[in-house]
Amino acid sequence: MTKVAFFGHDAGDAAIRRRVQAMQDDGVSVTGFMMRRKDDVAADWDNVDLGKTRDGAFVQRVLRIFSGARVATRSKEKLAAVDVIYARNLDMLACAFLAKRHTKLDTPVIYESLDVHRLLTREDFIGKALRWVEKSLLRRTIGLVVSSPAFLANHFEKHYPGLYTPFLIENRLAAGSDFGPRPAVEHGDAPKDDGRFVLGWVGNLRCERSFGLLCDLADQFPDTLEIRLHGQPARNEIPVFEPKIDARPNMTFAGRYRSPEDLSTIYDGLDMVWAGDFMEAGYNSVWLLPNRIYEGGYFATPAIAPKETETAAWIEQKACGFTISEPLSETLPNLIAAVMHDRSGLESYRKRLLELPNEVFIQPKGFFSEVLARALAGARSR
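Scoring rules and cut-offs
Residues numbered from 1 in each chain as written. Predicted model: local features only at pLDDT ≥ 70, side-chain atom pairs only at ≥ 80, totals over all residues. Heavy atoms only, no water. Buried < 20%, exposed > 50% of the residue type's maximum accessible area, 1.4 Å probe, protein only. Helix = DSSP H or I, 4+ residues; strand = E, 2+ residues; numbered from the N terminus. Pairing = 2+ DSSP bridges. Right-handed = clockwise from strand over helix to strand, strands pointing away. Axes fitted to C-alpha atoms, helices over the stretch in contact; angles between N-to-C directions. Parallel < 35°, antiparallel > 145°, perpendicular 65-115°, else oblique. Left-handed = near helix turned anticlockwise from the far one by under 90°. Contact = heavy atoms within 4.5 Å. Phe/Tyr/Trp six-rings, centres within 6.5 Å; stacked < 30°, edge-to-face > 60°. Lys NZ or Arg CZ within 6 Å of the ring centre and 35° of its normal. Patch = residues over 30% accessible without salt bridge, like charges linked within 9 Å, V, L, I, M, F, W, Y side chains within 5 Å. Areas by Shrake-Rupley, 256 points an atom, 1.4 Å probe, with all protein chains shown as cover. Salt bridge = Lys/Arg side-chain N within 4 Å of Asp/Glu carboxyl O. Core = buried A, V, L, I, M, F, W, Y, C linked by side-chain atoms within 4.5 Å.

Asker: When you look at the pairing of strand 2 (residues 29-36) in this model, what are you seeing that I'm missing?
Answerer: Where a strand is regular, its side chains alternate between the two sheet faces. Burial of strand 2 is extensive: seven of the eight residues sit out of reach of the surface. Sheet topology places strand 1 (residues 3-8) next to strand 2; six bridges connect them, and they run parallel. Bridge assignment links Ala-5 to a residue of strand 2, and that residue is Thr-31. On the question of chirality, the crossover connecting strand 1 to the parallel strand 2 by way of helix 1 (residues 14-25) is right-handed.

Below, the structure written as structure tokens:
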């Protein structure tokens, strides 16, 4: 059994839970060395708490790298017992290497980068300094895991060619998770609830432009469209959130949810899901492949994404959803109006999603353990 020390940024994060589940599905033993964003986090794995951080608190997160490494050092026996360290995000990669230094261990490290932070794309001193740090740490790893090929093409290959061994692990559902069966093929053409068409925004609600577009949609279709938001809003990105929702009778916010346990109920209540992101426009937002296209795809809920993004390319390649061009303030309401008038296109995409194999949306068992084996084998052959 391969033993992994997982350095994670938030033990309560749904994506962290999904990654741990995928590891455990493949027979990997996981010991977490993780920060947390809330006080009431109960991890479903052996976890060493490295302290609390806050969303958007960059300086505090940097300081937590050093304090977290000292905490991890106190659990040297657990750290020494693993075969490989798996570090998610640049701050946790730095924390992992610092903990290695304190404990004088030579355990190999894998870097998982599922977002390229906006600071890493800057051309000023801060951006160059952070890329220097990332380059220095990356060259000492045995593997780089990304969730989208666009991260490799637009960031890692641009700045660090030849310094890493890449592995693509998309944001698919973990095979052993309790997300339930896929819906039946027959669906019909009736709106979801109360005669309204239902559009959802699910997951990390961090994009102020997306929020504004959805608020405008709610205003334009007050009697025929319902907007449902599920997840955790990023208060530093969307400072005024609940008041704008409360001002619109056809908008609802359900708050945080359990993933994957609540996904079936959430997506069963949606006709379409919004998959746009502009928080880091031109960079990370263009390159990413979000969780909601895999979750929604599994539950046959077509997505909408802006063109000229990796998400739109994914949707178009699989012919399973809607893509729209700028100006979105015009094309998005036009699309919604057209689909509400004639649901045949929506139902066609829904049937297409159900025709796609489960592996498009669910990570097969054995996939993650194979990545670990290849990374470790490559390290031994150096």
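Let's pick the thread back up.
Asker: Sorry, what's going on with the packing of helix 4 (residues 90-103) against helix 5 (residues 125-138) here?
Answerer: Between two packed helices, both the angle of their axes relative to each other and the distance between the axes serve to describe the pair. For the pair helix 4 and helix 5, interaxial distance at closest approach is 11 Å and the crossing angle is 50°. On the basis of their axis angle, the class for helix 4 and helix 5 is oblique. The handedness of the crossing between helix 4 and helix 5 comes out as left-handed. On helix 5, the residues touching Leu-90, Leu-93, Ala-94 and Phe-97 of helix 4 are Leu-130, Glu-134 and Leu-137.

Asker: Explanation requested: the environment of Arg-140 in the structure shown.
Answerer: Secondary-structure assignment places Arg-140 in the loop between helix 5 and strand 6 (143-146). Classification of Arg-140 by relative accessible area gives partly exposed; the value is 49%. Sequence spacing of Arg-140 and Val-339 is 199 residues, and the spatial spacing of their C-alpha atoms is 51 Å.

Asker: Just checking my understanding: could you explain the packing of aromatic side chains for this structure?
Answerer: Given two aromatic rings, one states the distance between the centres and the angle between the planes to describe the pair. As enumerated under the stated definition, the model contains 15 aromatic pairs in all. Where Tyr-267 meets Phe-299, the ring centres are 6.0 Å apart and the plane angle is 10°; that geometry is what we call stacked. With a gap of 32 residues between them, Tyr-267 in helix 9 (residues 263-268) and Phe-299 in the loop between helix 11 (291-298) and strand 13 (303-306) connect regions that are remote in the sequence. Just as Tyr-267 is buried, Phe-299 falls in that class too. What links up through ring pairs into an aromatic cluster is the set Tyr-111, Phe-156, Tyr-160 and Tyr-164. The positively charged end of Arg-172 is found above the aromatic ring belonging to Phe-367, 5.2 Å away from the centroid. Stacked on the ring of Phe-278, the Lys or Arg Arg-209 has its end atom at 4.4 Å from the ring centre.

Asker: I would appreciate a short explanation of a nonpolar patch on the surface in the present structure.
Answerer: On the surface, Phe-58, Val-59, Val-62, Leu-63 and Phe-66 cluster together into a nonpolar patch covering about 470 Å² of accessible area. Tracing the chain through its elements places Val-59 in helix 2 (residues 58-74). In this structure Val-59 comes out as exposed when scored by relative accessible area, which is 59%.

Asker: Is there a simple way to think about the sheet that holds strand 1 in this case?
Answerer: Strands in a sheet are paired, the pairing made by backbone hydrogen bonds, and the direction either parallel or antiparallel. Strand order in the open sheet made by the seven strands is 3-2-1-4-5-6-7, with parallel pairing throughout. Each edge of the open sheet is held by one strand with a lone partner, namely strand 3 (46-52) and strand 7 (166-168). Averaged over all pairs of adjacent strands, the angle between their axes in this sheet comes to 20°, without regard to strand direction. Bridge analysis of strand 2 against strand 3 gives five bridges, and the strand direction is parallel. Note that in strand 3 the partner of Arg-36 across the bridge is Lys-52. Against the sheet, helix 2 touches strand 1, strand 2 and strand 3, its axis set at about 140° to strand 3.

Asker: Would you take a moment to explain the nonpolar core for this structure?
Answerer: Note on soluble globular proteins: their nonpolar side chains tend to be buried together. Counting residues in hydrophobic clusters, the biggest one holds 42 residues, and the most contacted among them are Phe-7, Leu-50 and Phe-156. Among the elements that make up this core, the one with the highest residue count is helix 4 (nine residues). If we skip the residues at most four places from it in the chain, Phe-7 touches Phe-33, Leu-50, Ala-72, Leu-79, Ile-85, Tyr-86, Ala-87, Arg-88, Met-92, Cys-95, Ala-96 and Ala-99. Counting 31 residues, the second-largest nonpolar core is a separate cluster that includes Leu-199, Phe-241, Ile-245 and Leu-332.

Asker: Please clarify how the pattern of salt bridges should be interpreted in this entry.
Answerer: Close approach of charged atoms allows side chains with opposite charge to pair. Applying the stated rule across the entire model yields 21 salt bridges. Ionic pairing is found between Lys-78 and Asp-46, a salt bridge with its closest N-O pair at 3.1 Å. One end of the pair, Lys-78, is in helix 3 (residues 76-80); the other, Asp-46, is in strand 3, with 32 residues separating them in the sequence. On the accessibility criterion, Asp-46 (37% relative accessible area) is partly exposed. Between Arg-118 and Glu-237 there is a salt bridge, with the nearest N and O atoms lying 2.7 Å from each other. Separated by 119 residues along the polypeptide, Arg-118 in the loop between strand 5 (109-113) and helix 5 and Glu-237 in the loop between strand 10 (225-233) and helix 8 (242-246) bring together distant segments of the chain. Take Glu-237: its relative accessible area is 18%, and that puts it in the buried class. A single salt-bridge network, built from bridges that share partners, covers Arg-36, Asp-39, Asp-49 and Lys-52.

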